[in-house]
Amino acid sequence: MMAPPSRPPHRAGANRMKRPPSSAPLAAAHGGGIRRRAAVGAIACSLIAGCMIGPDYRRPEIAAPGAYLYEPKQTAATANVEFWKQFDDPVLDALIAEALANNKNVKIAAANVEQAAGVLTSTRSPLFPQLNYQGSAARERFSQGGLDKLPAGISNPTNAYQLLAGASWEIDLWGRVRRLTESAQASLLASDEARRGVILSLVASVASGYLQLRGLDEQLVMAQRTLASYAESLRLMELKFRYGRVSQMNVEQAKARYQTAAAQLPRIRRDIALTEDALSVLLGNSPGRIPRGKGIFALTLPPVPPGVPSELLERRPDLLQAEQQLIAANALIGAAKAQYFPTISLTGALGTASTDLSNLFTGPARAWSYAGALAGPIFTGGAIAGQVAQAEAAQQAALLSYELAIQSAFADVDNALISRETLIDQVAAQAQLVDALRGYSRLAQLLFDGGRAPYSTVLQAEEQLFPAELDWAAAQAQLCVSLVNIYKAMGGGWVTAADKLTAKPPSN
(Lines give C-alpha, C1' and ligand atoms only; values in the text may rest on other atoms or scores of the structure.)
Protein backbone atom coordinates (compact mmCIF):
# COMPACT_ATOMS: atom_id res chain seq x y z
CA MET A 1 0.00 0.00 0.00
CA MET A 2 1.24 3.43 -0.84
CA ALA A 3 2.38 5.66 1.97
CA PRO A 4 -0.25 8.31 2.81
CA PRO A 5 0.64 11.80 1.66
CA SER A 6 1.61 14.36 4.24
CA ARG A 7 -1.13 16.70 5.33
CA PRO A 8 -0.91 20.22 3.91
CA PRO A 9 -0.70 23.15 6.32
CA HIS A 10 -3.97 24.97 6.95
CA ARG A 11 -3.47 28.39 5.49
CA ALA A 12 -4.55 30.38 2.49
CA GLY A 13 -3.56 28.61 -0.71
CA ALA A 14 -2.05 25.73 1.25
CA ASN A 15 -3.33 23.15 -1.22
CA ARG A 16 -1.94 24.71 -4.39
CA MET A 17 0.00 22.25 -6.47
CA LYS A 18 3.46 23.08 -7.81
CA ARG A 19 3.57 24.70 -11.23
CA PRO A 20 4.20 22.37 -14.14
CA PRO A 21 7.60 22.34 -15.78
CA SER A 22 8.24 24.32 -18.96
CA SER A 23 7.10 22.88 -22.28
CA ALA A 24 10.07 24.28 -24.21
CA PRO A 25 11.11 20.80 -25.47
CA LEU A 26 8.15 20.97 -27.87
CA ALA A 27 10.22 23.22 -30.20
CA ALA A 28 13.63 21.79 -29.49
CA ALA A 29 14.13 20.62 -33.09
CA HIS A 30 13.30 23.92 -34.80
CA GLY A 31 16.55 25.85 -34.33
CA GLY A 32 18.04 28.10 -31.66
CA GLY A 33 15.73 31.09 -32.33
CA ILE A 34 12.57 29.04 -31.99
CA ARG A 35 13.92 27.42 -28.83
CA ARG A 36 14.63 30.80 -27.28
CA ARG A 37 11.20 32.15 -28.15
CA ALA A 38 9.52 29.00 -26.87
CA ALA A 39 11.50 29.17 -23.64
CA VAL A 40 10.59 32.83 -23.09
CA GLY A 41 6.95 32.06 -23.84
CA ALA A 42 6.93 29.13 -21.46
CA ILE A 43 8.44 31.24 -18.66
CA ALA A 44 5.87 33.97 -19.27
CA CYS A 45 3.03 31.47 -19.21
CA SER A 46 4.34 29.99 -15.97
CA LEU A 47 4.39 33.41 -14.36
CA ILE A 48 0.88 34.23 -15.55
CA ALA A 49 -0.32 30.79 -14.46
CA GLY A 50 0.40 31.71 -10.86
CA CYS A 51 -3.10 33.22 -10.72
CA MET A 52 -5.93 30.80 -9.88
CA ILE A 53 -9.61 31.64 -10.09
CA GLY A 54 -11.71 30.96 -6.98
CA PRO A 55 -11.30 31.24 -3.21
CA ASP A 56 -8.24 29.88 -1.43
CA TYR A 57 -9.07 27.64 1.53
CA ARG A 58 -9.02 29.12 5.01
CA ARG A 59 -9.90 27.02 8.03
CA PRO A 60 -13.16 28.34 9.51
CA GLU A 61 -13.13 29.84 12.97
CA ILE A 62 -14.16 27.20 15.50
CA ALA A 63 -15.53 28.19 18.91
CA ALA A 64 -13.92 25.34 20.86
CA PRO A 65 -14.53 25.16 24.62
CA GLY A 66 -11.52 25.76 26.83
CA ALA A 67 -11.86 22.42 28.64
CA TYR A 68 -14.05 19.36 28.70
CA LEU A 69 -16.98 19.57 31.07
CA TYR A 70 -16.27 16.29 32.84
CA GLU A 71 -12.49 15.95 32.44
CA PRO A 72 -10.96 14.26 35.52
CA LYS A 73 -8.36 16.04 37.60
CA GLN A 74 -5.77 13.31 37.17
CA THR A 75 -4.76 12.24 33.67
CA ALA A 76 -1.84 10.41 32.10
CA ALA A 77 -0.11 11.11 28.80
CA THR A 78 -1.08 7.84 27.11
CA ALA A 79 -2.97 9.10 24.06
CA ASN A 80 -0.02 8.32 21.75
CA VAL A 81 0.56 4.70 22.80
CA GLU A 82 -1.47 1.55 22.24
CA PHE A 83 -4.11 2.10 24.90
CA TRP A 84 -5.39 -1.48 24.69
CA LYS A 85 -2.10 -2.69 26.14
CA GLN A 86 -2.91 -0.75 29.30
CA PHE A 87 -5.51 -3.43 30.15
CA ASP A 88 -2.54 -5.81 30.61
CA ASP A 89 -4.17 -8.72 28.78
CA PRO A 90 -1.96 -10.38 26.12
CA VAL A 91 -5.00 -12.08 24.58
CA LEU A 92 -6.61 -8.71 23.88
CA ASP A 93 -3.34 -7.46 22.36
CA ALA A 94 -3.19 -10.46 20.04
CA LEU A 95 -6.83 -10.09 18.96
CA ILE A 96 -6.34 -6.44 18.01
CA ALA A 97 -3.15 -7.23 16.09
CA GLU A 98 -4.98 -9.99 14.21
CA ALA A 99 -7.90 -7.69 13.40
CA LEU A 100 -5.65 -4.93 12.09
CA ALA A 101 -3.85 -7.39 9.84
CA ASN A 102 -6.91 -9.25 8.50
CA ASN A 103 -10.02 -7.08 8.79
CA LYS A 104 -11.77 -6.68 5.45
CA ASN A 105 -12.97 -3.12 6.08
CA VAL A 106 -9.38 -2.00 6.63
CA LYS A 107 -8.37 -3.59 3.33
CA ILE A 108 -11.34 -1.97 1.55
CA ALA A 109 -10.39 1.43 2.98
CA ALA A 110 -6.80 0.95 1.82
CA ALA A 111 -8.06 0.11 -1.68
CA ASN A 112 -10.15 3.28 -1.64
CA VAL A 113 -6.99 5.27 -0.90
CA GLU A 114 -5.24 3.67 -3.87
CA GLN A 115 -8.23 4.55 -6.04
CA ALA A 116 -8.15 8.18 -4.88
CA ALA A 117 -4.40 8.29 -5.61
CA GLY A 118 -5.12 7.13 -9.15
CA VAL A 119 -7.75 9.85 -9.56
CA LEU A 120 -5.21 12.44 -8.41
CA THR A 121 -2.63 11.21 -10.92
CA SER A 122 -5.16 11.38 -13.75
CA THR A 123 -6.48 14.77 -12.70
CA ARG A 124 -3.12 16.51 -12.56
CA SER A 125 -1.77 14.97 -15.79
CA PRO A 126 -2.95 17.92 -17.98
CA LEU A 127 -0.51 20.14 -16.07
CA PHE A 128 2.26 18.49 -18.10
CA PRO A 129 2.75 18.26 -21.86
CA GLN A 130 1.10 15.20 -23.36
CA LEU A 131 3.35 13.27 -25.74
CA ASN A 132 2.13 10.72 -28.28
CA TYR A 133 3.15 8.96 -31.43
CA GLN A 134 1.47 7.50 -34.46
CA GLY A 135 2.51 5.57 -37.52
CA SER A 136 0.65 4.44 -40.62
CA ALA A 137 1.21 2.52 -43.83
CA ALA A 138 -1.33 2.50 -46.67
CA ARG A 139 -1.69 1.45 -50.31
CA GLU A 140 -4.41 3.07 -52.39
CA ARG A 141 -5.59 2.94 -56.02
CA PHE A 142 -7.42 5.91 -57.54
CA SER A 143 -10.08 5.57 -60.20
CA GLN A 144 -8.94 6.46 -63.73
CA GLY A 145 -12.42 6.34 -65.21
CA GLY A 146 -13.45 9.79 -63.99
CA LEU A 147 -13.01 13.21 -65.48
CA ASP A 148 -10.03 14.03 -63.27
CA LYS A 149 -6.84 12.46 -64.41
CA LEU A 150 -3.87 11.74 -62.18
CA PRO A 151 -0.87 14.00 -62.73
CA ALA A 152 1.98 12.61 -64.73
CA GLY A 153 4.52 10.74 -62.65
CA ILE A 154 2.04 9.62 -60.00
CA SER A 155 1.87 5.89 -59.80
CA ASN A 156 -1.46 4.17 -59.37
CA PRO A 157 -1.83 2.40 -57.01
CA THR A 158 0.29 4.49 -54.65
CA ASN A 159 1.86 3.92 -51.22
CA ALA A 160 1.89 6.23 -48.19
CA TYR A 161 4.04 5.86 -45.08
CA GLN A 162 4.02 8.15 -42.06
CA LEU A 163 5.70 8.22 -38.65
CA LEU A 164 4.99 11.16 -36.34
CA ALA A 165 5.63 12.17 -32.72
CA GLY A 166 3.16 14.68 -31.33
CA ALA A 167 2.81 16.87 -28.27
CA SER A 168 0.02 18.95 -26.79
CA TRP A 169 -0.32 21.12 -23.72
CA GLU A 170 -3.21 23.08 -22.28
CA ILE A 171 -1.81 26.17 -20.57
CA ASP A 172 -3.57 26.32 -17.21
CA LEU A 173 -3.76 30.10 -17.32
CA TRP A 174 -6.74 30.43 -14.96
CA GLY A 175 -5.94 27.53 -12.67
CA ARG A 176 -8.81 25.21 -13.65
CA VAL A 177 -6.63 22.11 -13.76
CA ARG A 178 -4.76 23.15 -10.64
CA ARG A 179 -8.03 23.64 -8.78
CA LEU A 180 -9.20 20.22 -9.91
CA THR A 181 -5.86 18.81 -8.78
CA GLU A 182 -6.21 20.58 -5.44
CA SER A 183 -9.63 19.01 -5.02
CA ALA A 184 -8.35 15.55 -5.99
CA GLN A 185 -5.44 15.88 -3.57
CA ALA A 186 -7.81 16.81 -0.75
CA SER A 187 -10.05 13.88 -1.69
CA LEU A 188 -7.01 11.61 -1.48
CA LEU A 189 -6.20 12.92 1.99
CA ALA A 190 -9.85 12.53 2.99
CA SER A 191 -9.75 8.90 1.82
CA ASP A 192 -6.64 8.29 3.88
CA GLU A 193 -8.28 9.85 6.96
CA ALA A 194 -11.32 7.67 6.31
CA ARG A 195 -8.98 4.68 6.34
CA ARG A 196 -7.52 5.84 9.64
CA GLY A 197 -11.06 6.27 10.92
CA VAL A 198 -11.77 2.64 10.05
CA ILE A 199 -8.69 1.64 12.05
CA LEU A 200 -9.87 3.73 15.01
CA SER A 201 -13.33 2.16 14.93
CA LEU A 202 -11.92 -1.34 14.45
CA VAL A 203 -9.60 -1.16 17.46
CA ALA A 204 -12.38 0.30 19.62
CA SER A 205 -14.88 -2.31 18.41
CA VAL A 206 -12.55 -5.26 19.05
CA ALA A 207 -11.59 -3.96 22.50
CA SER A 208 -15.21 -3.19 23.43
CA GLY A 209 -16.44 -6.54 22.12
CA TYR A 210 -13.77 -8.45 24.02
CA LEU A 211 -14.50 -6.57 27.25
CA GLN A 212 -18.22 -7.17 26.88
CA LEU A 213 -17.46 -10.84 26.22
CA ARG A 214 -15.45 -11.10 29.44
CA GLY A 215 -18.31 -9.42 31.29
CA LEU A 216 -20.74 -11.99 29.90
CA ASP A 217 -18.31 -14.77 30.84
CA GLU A 218 -18.34 -13.48 34.40
CA GLN A 219 -22.13 -13.37 34.39
CA LEU A 220 -22.19 -16.96 33.13
CA VAL A 221 -19.89 -18.09 35.96
CA MET A 222 -22.08 -16.29 38.51
CA ALA A 223 -25.26 -17.81 37.03
CA GLN A 224 -23.80 -21.34 37.00
CA ARG A 225 -22.56 -20.96 40.57
CA THR A 226 -25.93 -19.64 41.70
CA LEU A 227 -27.78 -22.37 39.82
CA ALA A 228 -25.66 -25.06 41.49
CA SER A 229 -26.36 -23.49 44.89
CA TYR A 230 -30.08 -23.34 44.16
CA ALA A 231 -30.07 -26.96 43.00
CA GLU A 232 -28.50 -28.04 46.27
CA SER A 233 -31.02 -25.96 48.24
CA LEU A 234 -33.88 -27.56 46.28
CA ARG A 235 -32.53 -31.04 47.00
CA LEU A 236 -32.35 -30.28 50.72
CA MET A 237 -35.82 -28.75 50.67
CA GLU A 238 -37.26 -31.86 49.06
CA LEU A 239 -35.61 -34.00 51.78
CA LYS A 240 -37.06 -31.78 54.48
CA PHE A 241 -40.50 -32.04 52.87
CA ARG A 242 -40.19 -35.84 52.78
CA TYR A 243 -39.67 -35.85 56.54
CA GLY A 244 -42.38 -33.29 57.14
CA ARG A 245 -40.18 -30.41 58.22
CA VAL A 246 -41.35 -27.99 55.47
CA SER A 247 -44.48 -27.56 53.42
CA GLN A 248 -45.09 -28.23 49.75
CA MET A 249 -45.20 -24.45 49.25
CA ASN A 250 -41.60 -24.16 50.39
CA VAL A 251 -40.55 -26.82 47.88
CA GLU A 252 -42.35 -25.03 45.05
CA GLN A 253 -40.75 -21.75 46.08
CA ALA A 254 -37.32 -23.40 45.90
CA LYS A 255 -38.16 -24.80 42.46
CA ALA A 256 -39.27 -21.38 41.24
CA ARG A 257 -36.03 -19.85 42.46
CA TYR A 258 -34.02 -22.57 40.69
CA GLN A 259 -35.89 -22.10 37.42
CA THR A 260 -35.47 -18.34 37.61
CA ALA A 261 -31.70 -18.80 37.69
CA ALA A 262 -31.82 -21.52 35.03
CA ALA A 263 -33.73 -19.20 32.67
CA GLN A 264 -30.80 -16.75 32.71
CA LEU A 265 -28.28 -19.26 31.35
CA PRO A 266 -29.65 -19.52 27.77
CA ARG A 267 -29.82 -15.72 27.48
CA ILE A 268 -26.22 -15.32 28.63
CA ARG A 269 -24.98 -18.13 26.38
CA ARG A 270 -26.80 -16.57 23.42
CA ASP A 271 -25.23 -13.17 24.09
CA ILE A 272 -21.80 -14.81 24.36
CA ALA A 273 -22.25 -16.60 21.03
CA LEU A 274 -23.43 -13.44 19.27
CA THR A 275 -20.51 -11.44 20.67
CA GLU A 276 -18.02 -14.13 19.61
CA ASP A 277 -19.45 -14.15 16.08
CA ALA A 278 -19.22 -10.36 15.84
CA LEU A 279 -15.61 -10.45 17.04
CA SER A 280 -14.76 -13.20 14.57
CA VAL A 281 -15.93 -11.04 11.67
CA LEU A 282 -13.89 -8.11 12.99
CA LEU A 283 -10.87 -10.42 13.08
CA GLY A 284 -11.43 -11.29 9.42
CA ASN A 285 -12.48 -14.86 10.24
CA SER A 286 -15.58 -16.99 9.99
CA PRO A 287 -17.66 -17.29 13.17
CA GLY A 288 -15.87 -19.30 15.81
CA ARG A 289 -14.61 -19.40 19.35
CA ILE A 290 -12.67 -16.46 20.76
CA PRO A 291 -9.75 -17.08 23.14
CA ARG A 292 -9.95 -15.65 26.65
CA GLY A 293 -7.44 -13.96 28.87
CA LYS A 294 -7.92 -12.23 32.19
CA GLY A 295 -11.30 -12.00 33.90
CA ILE A 296 -13.24 -8.73 33.81
CA PHE A 297 -12.34 -7.92 37.42
CA ALA A 298 -8.65 -8.80 36.92
CA LEU A 299 -8.05 -6.31 34.11
CA THR A 300 -6.03 -3.17 34.74
CA LEU A 301 -8.02 -0.02 33.98
CA PRO A 302 -6.12 2.40 31.69
CA PRO A 303 -5.72 6.01 32.82
CA VAL A 304 -7.61 8.81 31.12
CA PRO A 305 -5.52 10.66 28.49
CA PRO A 306 -5.31 14.45 28.77
CA GLY A 307 -6.69 16.62 26.04
CA VAL A 308 -7.66 20.13 25.04
CA PRO A 309 -10.85 20.37 22.95
CA SER A 310 -9.13 22.29 20.16
CA GLU A 311 -6.63 19.43 19.76
CA LEU A 312 -9.43 17.22 18.45
CA LEU A 313 -9.15 19.05 15.13
CA GLU A 314 -5.74 17.46 14.62
CA ARG A 315 -6.31 14.12 16.37
CA ARG A 316 -9.60 12.66 15.17
CA PRO A 317 -9.54 11.12 11.69
CA ASP A 318 -13.22 11.89 11.06
CA LEU A 319 -12.64 15.61 11.66
CA LEU A 320 -9.55 15.63 9.45
CA GLN A 321 -11.55 13.80 6.80
CA ALA A 322 -14.39 16.34 7.02
CA GLU A 323 -11.92 19.21 6.65
CA GLN A 324 -10.28 17.66 3.59
CA GLN A 325 -13.72 17.22 2.06
CA LEU A 326 -14.32 20.91 2.71
CA ILE A 327 -11.01 21.76 1.01
CA ALA A 328 -11.97 19.63 -1.98
CA ALA A 329 -15.38 21.30 -2.28
CA ASN A 330 -13.80 24.75 -1.92
CA ALA A 331 -11.36 24.05 -4.77
CA LEU A 332 -14.16 22.96 -7.11
CA ILE A 333 -15.61 26.48 -6.95
CA GLY A 334 -12.50 27.82 -8.66
CA ALA A 335 -12.54 25.00 -11.21
CA ALA A 336 -16.14 25.83 -12.08
CA LYS A 337 -15.51 29.59 -12.35
CA ALA A 338 -12.46 29.05 -14.56
CA GLN A 339 -14.78 27.76 -17.28
CA TYR A 340 -15.89 31.36 -17.90
CA PHE A 341 -12.39 32.09 -19.28
CA PRO A 342 -10.82 30.88 -22.53
CA THR A 343 -8.57 27.86 -22.74
CA ILE A 344 -5.24 28.08 -24.53
CA SER A 345 -3.60 24.97 -25.91
CA LEU A 346 -0.46 24.26 -27.92
CA THR A 347 0.01 21.33 -30.27
CA GLY A 348 2.96 20.15 -32.31
CA ALA A 349 4.10 17.22 -34.41
CA LEU A 350 7.46 16.11 -35.79
CA GLY A 351 8.14 13.12 -38.00
CA THR A 352 8.48 11.82 -41.54
CA ALA A 353 6.10 11.03 -44.41
CA SER A 354 6.87 9.38 -47.74
CA THR A 355 5.35 7.30 -50.50
CA ASP A 356 8.38 5.06 -50.51
CA LEU A 357 9.30 3.11 -47.39
CA SER A 358 13.00 3.23 -48.24
CA ASN A 359 12.90 7.06 -48.27
CA LEU A 360 10.92 7.42 -45.02
CA PHE A 361 13.98 8.44 -43.00
CA THR A 362 15.65 10.71 -45.54
CA GLY A 363 15.83 14.47 -45.22
CA PRO A 364 13.12 15.36 -47.76
CA ALA A 365 10.60 13.13 -45.91
CA ARG A 366 10.82 15.27 -42.79
CA ALA A 367 7.51 16.81 -41.68
CA TRP A 368 6.55 19.04 -38.77
CA SER A 369 3.80 21.32 -37.56
CA TYR A 370 2.89 23.42 -34.55
CA ALA A 371 -0.18 25.44 -33.67
CA GLY A 372 -1.92 27.27 -30.89
CA ALA A 373 -5.64 27.31 -30.15
CA LEU A 374 -7.86 29.63 -28.17
CA ALA A 375 -11.43 28.68 -27.20
CA GLY A 376 -13.89 30.17 -24.79
CA PRO A 377 -17.61 30.37 -24.07
CA ILE A 378 -19.92 33.11 -25.37
CA PHE A 379 -23.35 31.77 -24.49
CA THR A 380 -23.94 28.52 -22.59
CA GLY A 381 -27.54 28.94 -21.47
CA GLY A 382 -26.54 29.04 -17.80
CA ALA A 383 -24.56 25.79 -17.89
CA ILE A 384 -21.44 27.28 -16.30
CA ALA A 385 -23.45 29.41 -13.86
CA GLY A 386 -25.28 26.28 -12.77
CA GLN A 387 -22.03 24.44 -12.16
CA VAL A 388 -20.70 27.35 -10.12
CA ALA A 389 -23.90 27.41 -8.04
CA GLN A 390 -23.62 23.65 -7.47
CA ALA A 391 -20.01 23.99 -6.36
CA GLU A 392 -20.79 26.85 -3.98
CA ALA A 393 -23.74 24.97 -2.47
CA ALA A 394 -21.60 21.83 -2.07
CA GLN A 395 -18.95 23.92 -0.31
CA GLN A 396 -21.55 25.29 2.12
CA ALA A 397 -22.83 21.78 2.81
CA ALA A 398 -19.27 20.56 3.42
CA LEU A 399 -18.65 23.51 5.75
CA LEU A 400 -21.76 22.78 7.79
CA SER A 401 -20.89 19.08 7.89
CA TYR A 402 -17.43 19.96 9.19
CA GLU A 403 -18.84 22.21 11.91
CA LEU A 404 -21.42 19.57 12.89
CA ALA A 405 -18.70 16.90 13.05
CA ILE A 406 -16.68 19.10 15.42
CA GLN A 407 -19.66 19.71 17.70
CA SER A 408 -20.45 16.00 17.74
CA ALA A 409 -16.82 15.22 18.55
CA PHE A 410 -16.86 17.52 21.59
CA ALA A 411 -20.07 15.84 22.74
CA ASP A 412 -18.56 12.37 22.21
CA VAL A 413 -15.64 13.17 24.51
CA ASP A 414 -17.83 14.69 27.22
CA ASN A 415 -20.25 11.75 27.04
CA ALA A 416 -17.41 9.26 27.35
CA LEU A 417 -15.90 11.15 30.29
CA ILE A 418 -19.17 11.42 32.21
CA SER A 419 -19.91 7.75 31.53
CA ARG A 420 -16.61 6.75 33.06
CA GLU A 421 -17.10 9.04 36.06
CA THR A 422 -20.57 7.72 36.85
CA LEU A 423 -19.68 4.09 36.15
CA ILE A 424 -16.84 4.23 38.66
CA ASP A 425 -19.36 5.22 41.33
CA GLN A 426 -21.87 2.67 40.04
CA VAL A 427 -19.39 -0.22 40.17
CA ALA A 428 -18.30 0.73 43.68
CA ALA A 429 -21.90 0.99 44.87
CA GLN A 430 -22.85 -2.28 43.15
CA ALA A 431 -19.93 -4.07 44.78
CA GLN A 432 -21.04 -2.86 48.20
CA LEU A 433 -24.62 -3.93 47.43
CA VAL A 434 -23.48 -7.43 46.47
CA ASP A 435 -21.42 -7.69 49.63
CA ALA A 436 -24.37 -6.58 51.76
CA LEU A 437 -26.80 -8.96 50.04
CA ARG A 438 -24.43 -11.87 50.47
CA GLY A 439 -24.33 -11.16 54.19
CA TYR A 440 -28.10 -10.78 54.25
CA SER A 441 -28.56 -14.10 52.42
CA ARG A 442 -26.19 -15.93 54.74
CA LEU A 443 -27.94 -14.63 57.88
CA ALA A 444 -31.39 -15.35 56.46
CA GLN A 445 -30.41 -18.96 55.77
CA LEU A 446 -29.05 -19.35 59.30
CA LEU A 447 -32.23 -17.93 60.82
CA PHE A 448 -34.38 -20.20 58.66
CA ASP A 449 -32.32 -23.26 59.57
CA GLY A 450 -32.73 -22.33 63.23
CA GLY A 451 -36.47 -21.92 62.84
CA ARG A 452 -36.33 -18.22 63.65
CA ALA A 453 -37.36 -16.85 60.23
CA PRO A 454 -39.72 -18.00 57.47
CA TYR A 455 -38.42 -19.34 54.18
CA SER A 456 -39.72 -16.23 52.41
CA THR A 457 -36.94 -14.28 54.10
CA VAL A 458 -34.34 -16.54 52.46
CA LEU A 459 -36.07 -16.20 49.10
CA GLN A 460 -36.20 -12.43 49.36
CA ALA A 461 -32.48 -12.21 50.11
CA GLU A 462 -31.40 -14.55 47.31
CA GLU A 463 -33.81 -13.06 44.76
CA GLN A 464 -32.05 -9.73 45.29
CA LEU A 465 -28.52 -11.15 45.39
CA PHE A 466 -28.54 -12.97 42.03
CA PRO A 467 -29.50 -10.02 39.78
CA ALA A 468 -27.23 -7.74 41.83
CA GLU A 469 -24.26 -9.98 41.01
CA LEU A 470 -25.14 -9.97 37.32
CA ASP A 471 -25.48 -6.17 37.34
CA TRP A 472 -22.10 -5.88 39.07
CA ALA A 473 -20.34 -7.84 36.31
CA ALA A 474 -22.19 -5.87 33.62
CA ALA A 475 -21.27 -2.53 35.23
CA GLN A 476 -17.60 -3.53 35.42
CA ALA A 477 -17.62 -4.38 31.71
CA GLN A 478 -19.33 -1.07 30.93
CA LEU A 479 -16.65 0.77 32.91
CA CYS A 480 -13.92 -0.88 30.85
CA VAL A 481 -15.77 -0.08 27.63
CA SER A 482 -16.20 3.55 28.72
CA LEU A 483 -12.41 3.90 28.82
CA VAL A 484 -12.20 2.51 25.29
CA ASN A 485 -14.80 5.07 24.23
CA ILE A 486 -12.70 7.88 25.73
CA TYR A 487 -9.69 6.90 23.64
CA LYS A 488 -11.91 6.49 20.60
CA ALA A 489 -13.51 9.91 21.09
CA MET A 490 -10.19 11.69 21.67
CA GLY A 491 -8.24 10.03 18.89
CA GLY A 492 -4.51 10.61 19.16
CA GLY A 493 -1.22 9.07 18.20
CA TRP A 494 -2.40 5.57 19.12
CA VAL A 495 -4.21 5.51 15.77
CA THR A 496 -0.84 5.88 14.03
CA ALA A 497 0.57 3.10 16.20
CA ALA A 498 -2.36 0.88 15.22
CA ASP A 499 -1.92 1.85 11.58
CA LYS A 500 1.57 0.36 11.62
CA LEU A 501 0.10 -3.01 12.59
CA THR A 502 -2.00 -3.14 9.41
CA ALA A 503 1.12 -3.64 7.30
CA LYS A 504 2.31 -6.85 8.96
CA PRO A 505 0.64 -10.02 10.22
CA PRO A 506 0.41 -10.59 13.97
CA SER A 507 3.26 -12.53 15.53
CA ASN A 508 2.46 -16.04 16.73
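Every chain's residues receive numbers from 1 upward, in the order its sequence appears when written. Only residues with pLDDT of 70 or above have their local features reported here, since the model is predicted, and side-chain atom pairs are shown and tallied only from 80 upward, although totals for entire chains, interfaces and linings are computed over all residues. Hydrogens and water molecules were not included; the side-chain quantities draw on all heavy atoms of the structure.

Moving on, we get to the sheet that holds strand S1 (residues 130-140). In short, DSSP must find at least two bridges between two strands for them to pair. In DSSP terms, a helix is any run of H or I states spanning at least four residues, a strand is any run of E spanning at least two, and both are numbered starting from the N terminus. Taken in spatial order, the 4 strands make up an open sheet running S1-S2-S3-S4, and their pairing is antiparallel. The two strands at the open ends of the sheet, each matched to only one other strand, are S1 and strand S4 (366-375). Here the strands of the sheet are splayed against their neighbours by 20° on average, with no regard to which way each runs. Inspection of the sheet shows strand S3 (residues 343-354) paired to S4 by 10 bridges, in the antiparallel sense. Bridging across to S4, Leu350 finds its partner in Trp368. Here an angle of 0 to 180 degrees is reported between the N-to-C directions of two axes, which are lines fitted to C-alpha atoms, with helices fitted over the stretch in contact.

The next thing to look at is the pairing of strand S2 (residues 158-171). Pairing of S1 with S2, which is carried by 11 bridges, proceeds in the antiparallel orientation. In the strand pairing of S2, Gln134 is matched with Leu164. Across 11 bridges, S2 lies against S3 in antiparallel orientation. Residue pairing across strands places Gln162 opposite Ala353, the latter belonging to S3.

This brings us to the layout of surface pockets. Using a 1 Å grid laid over the protein atoms alone, points where a 1.4 Å probe fits but cannot get out form a cavity; open sets with protein on both sides within 12 Å along at least 5 of 7 lines form a pocket; any residue with an atom within 4 Å of a point counts as lining. Grid points are joined across faces, edges and corners, and a volume is the space filled by probe spheres set on the points. A volume near 420 Å³ is recorded for the second largest pocket. Along the wall of the second largest pocket there are 20 residues; nearest its centre are Ser229, Tyr230, Ser233, Ser441 and Glu462. Sort the elements by how many residues they give to the lining of the second largest pocket and helix H4 (residues 176-242) lands first, with 9 residues. Residues are sorted three ways: Asp, Glu, Lys and Arg are charged, Ala, Val, Leu, Ile, Met, Phe, Trp, Tyr, Cys and Pro are nonpolar, and all the rest, Gly among them, are polar. The class makeup of the residues in the lining of the second largest pocket is 7 nonpolar, 5 polar and 8 charged.

Between helix H2 (residues 90-102) and H4, whose axes approach to 10 Å, the crossing angle comes to 145°. For the element pair H2 and H4, the recorded crossing hand is right-handed. Side by side, H2 and H4 meet where Val91, Leu92, Leu95, Ile96, Ala99 and Leu100 of the first sit next to Ile199, Leu202, Val203, Val206, Ala207 and Tyr210 of the second. Of the residues contributing to the contact of H2 with H4, the split by class is 12 nonpolar, no polar and no charged. Crossing chirality is assigned from the near helix's rotation relative to the far helix, an anticlockwise turn below a right angle marking it left-handed and a clockwise turn marking it right-handed. Here a residue-residue contact requires only that any non-hydrogen atoms of the pair lie within 4.5 Å.

A positive phi angle, near 60°, is found at Asp88, a position not held by glycine. Relative to the helices and strands, Asp88 is located in the loop between helix H1 (32-48) and H2. Partly exposed residues are those whose accessible area sits between 20% and 50% of the maximum for their type, while under 20% is buried and over 50% is exposed, using a 1.4 Å probe and protein chains only. Here Asp88 falls in the partly exposed class, since its relative accessible area comes to 42%.

What follows covers the nonpolar core. Counting 56 residues, the largest nonpolar core has Phe83, Trp84, Phe87, Ile96, Leu100, Val203 and Trp494 as its most contacted members. At the level of secondary structure, the elements contributing two or more residues to this core comprise H2, H4, helix H5 (248-282), helix H8 (383-449), helix H9 (455-490) and helix H10 (494-500). Element by element, the count of residues in this core is highest for H4, at 16 residues. Grouped together as the second largest cluster of nonpolar side chains are 25 residues, Ala322, Ala398, Ala416 and Leu417 included. Nine residue types can take part in a nonpolar core, namely buried Ala, Val, Leu, Ile, Met, Phe, Trp, Tyr and Cys, and a core is a set of them joined through side-chain atoms within 4.5 Å.

Once that is clear, we can look at empty space enclosed by the protein. According to the stated counting rule, one finds 2 cavities of 30 Å³ or more in the structure shown. Taken together, Glu170, Ile171, Asp172, Leu173, Trp174, Arg176, Ala338, Phe341, Pro342, Thr343 and Ile344 form the lining of the second largest cavity. Listing elements by their share of the lining of the second largest cavity, those giving two or more residues are S2 and S3. Considering only residue class, the lining of the second largest cavity consists of 7 nonpolar, 1 polar and 3 charged.

Any carboxyl oxygen of Asp or Glu that lies within 4 Å of a side-chain nitrogen of Lys or Arg is treated as forming a salt bridge with it. Inspection of the entire model under this criterion finds 24 salt bridges. Across the pair Arg257 and Glu462 runs a salt bridge, and its minimum N-O distance is 1.6 Å. Of the two residues, Arg257 is situated in helix H5 and Glu462 in helix H9; the sequence distance between them amounts to 205 residues. Accessibility classification places Arg257 together with Glu462 in one group, the buried group.

Bringing the confidence of the model for the protein into the picture now. For every residue, the predictor states its confidence as a pLDDT score lying anywhere from 0 to 100. Taken residue by residue, the protein gives an average pLDDT of 83. The fraction at 70 or more is 84%. Considering each helix and strand of the protein separately, the mean pLDDT is smallest for H1, with a value of 40, and largest for H2, with 95. Predicted confidence is poor over residues 1-49, with pLDDT under 50, and the contacts of this stretch with residues over four places away or in other chains come to 64 contacts.

Right, let's talk about the packing of aromatic side chains for a bit. In this analysis, rings of Phe, Tyr and Trp, with Trp reduced to its six-membered ring, are considered paired at centre separations within 6.5 Å, and the interplanar angle assigns stacked below 30 degrees, edge-to-face beyond 60, and tilted for intermediate values. All chains considered together, the criterion is met by 7 aromatic pairs. Centroid distance Phe83 to Trp84: 5.5 Å. Interplanar angle 80°. Geometry classified as edge-to-face. You'll find Phe83 and Trp84 in the same group, each marked buried. Arranged with centres 4.9 Å apart and planes meeting at 80°, the rings of Phe83 and Trp494 form a pair that is edge-to-face. Here Trp494 lies in helix H10 and Phe83 lies in the loop between H1 and H2, a separation of 411 residues in the sequence. Of the residues examined, Phe83 reaches a relative accessible area of 1% and is grouped as buried. According to the relative accessible area criterion, Trp494 is buried, its value standing at 0%.

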